[in-house]
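# Chains, contacts and geometry: an overview
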Amino acid sequence: MFKTFTLAAATVGILGAGVATAHAETLTVDGSYSSLDGCAADGNNGQFQAGGVQLRGEDGWRWSCDQGADGLWYMTIFR
């Protein structure tokens, strides 16, 4: 009985994690940066502009800087 309950709980947990990932929000911030330092400076500021909307770190948004194929750096924000 305990093994059945444990297996059922683990299955629900795995399915729940997949659903949470599917509904995550990811946006690319307007503009690009010539250096990683410039991107990180804006990220550390905690205020982001994406699609004309102001997003704040206090609202649960996190950021990462990724280099594009063109050599420029782009900030991606997610929560």
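The structure displayed is predicted, hence computed values, not measured ones.

### Considering the sheet that holds strand S5 (residues 73–78)
- In space, the 3 strands of this open sheet follow the order S1-S5-S4, with antiparallel pairing throughout. Strands with a single pairing partner mark the edges of an open sheet, and in this sheet they are strand S1 (26–28) and strand S4 (62–67). Taken pair by pair, the neighbouring strands of this sheet meet at an average axis angle of 25°, ignoring direction.
- Pairing of S4 with S5 involves 6 bridges; the strand directions are antiparallel. Paired with Asp66 across the strands is Tyr74, a residue of S5.

### Here we look at the pattern of salt bridges
- Within the structure shown, the criterion is met by 3 salt bridges.
- In this structure, Glu25 and Arg79 form a salt bridge, with 2.9 Å as the shortest nitrogen-oxygen distance. Residue Glu25 is found in the loop between helix H1 (2–22) and S1, and its partner Arg79 is found in the segment after S5; the two are separated by 54 residues along the sequence.
- When the shortest N-O distance is used, the salt bridge between Arg56 and Glu58 registers 3.6 Å.
- A relative accessible area of 36% places Arg56 in the partly exposed class.
- Looking at Glu58, the relative accessible area reads 59%, which means it is exposed.

### Observations regarding the side chain of Thr76
- Among the secondary structure elements, Thr76 is positioned in strand S5.
- Setting aside its immediate chain neighbours within four residues, Thr76 contacts Thr26, Leu27, Thr28, Arg62, Trp63, Ser64 and Asp66.

### Description of the state of the cysteines
- Taken as a whole and assessed by the stated rule, the structure comprises 1 disulfide.
- A sulfur-sulfur distance of 2.0 Å marks the disulfide that ties Cys39 to Cys65. Sign of the S-S torsion, about -95° for the bond between Cys39 and Cys65, identifies this disulfide as left-handed. On the criterion of sequence distance, the pair formed by Cys39 in helix H2 (residues 36–45) and Cys65 in strand S4 is long-range, its members being 26 residues apart. A single burial state applies to Cys39 and to Cys65, both of which are buried.

Cut-offs and rules
- Residues numbered from 1 in each chain as written.
- Predicted model: local features only at pLDDT ≥ 70, side-chain atom pairs only at ≥ 80, totals over all residues.
- Heavy atoms only, no water.
- Pairing = 2+ DSSP bridges.
- Helix = DSSP H or I, 4+ residues; strand = E, 2+ residues; numbered from the N terminus.
- Axes fitted to C-alpha atoms, helices over the stretch in contact; angles between N-to-C directions.
- Salt bridge = Lys/Arg side-chain N within 4 Å of Asp/Glu carboxyl O.
- Buried < 20%, exposed > 50% of the residue type's maximum accessible area, 1.4 Å probe, protein only.
- Contact = heavy atoms within 4.5 Å.
- Disulfide = S-S within 2.5 Å.

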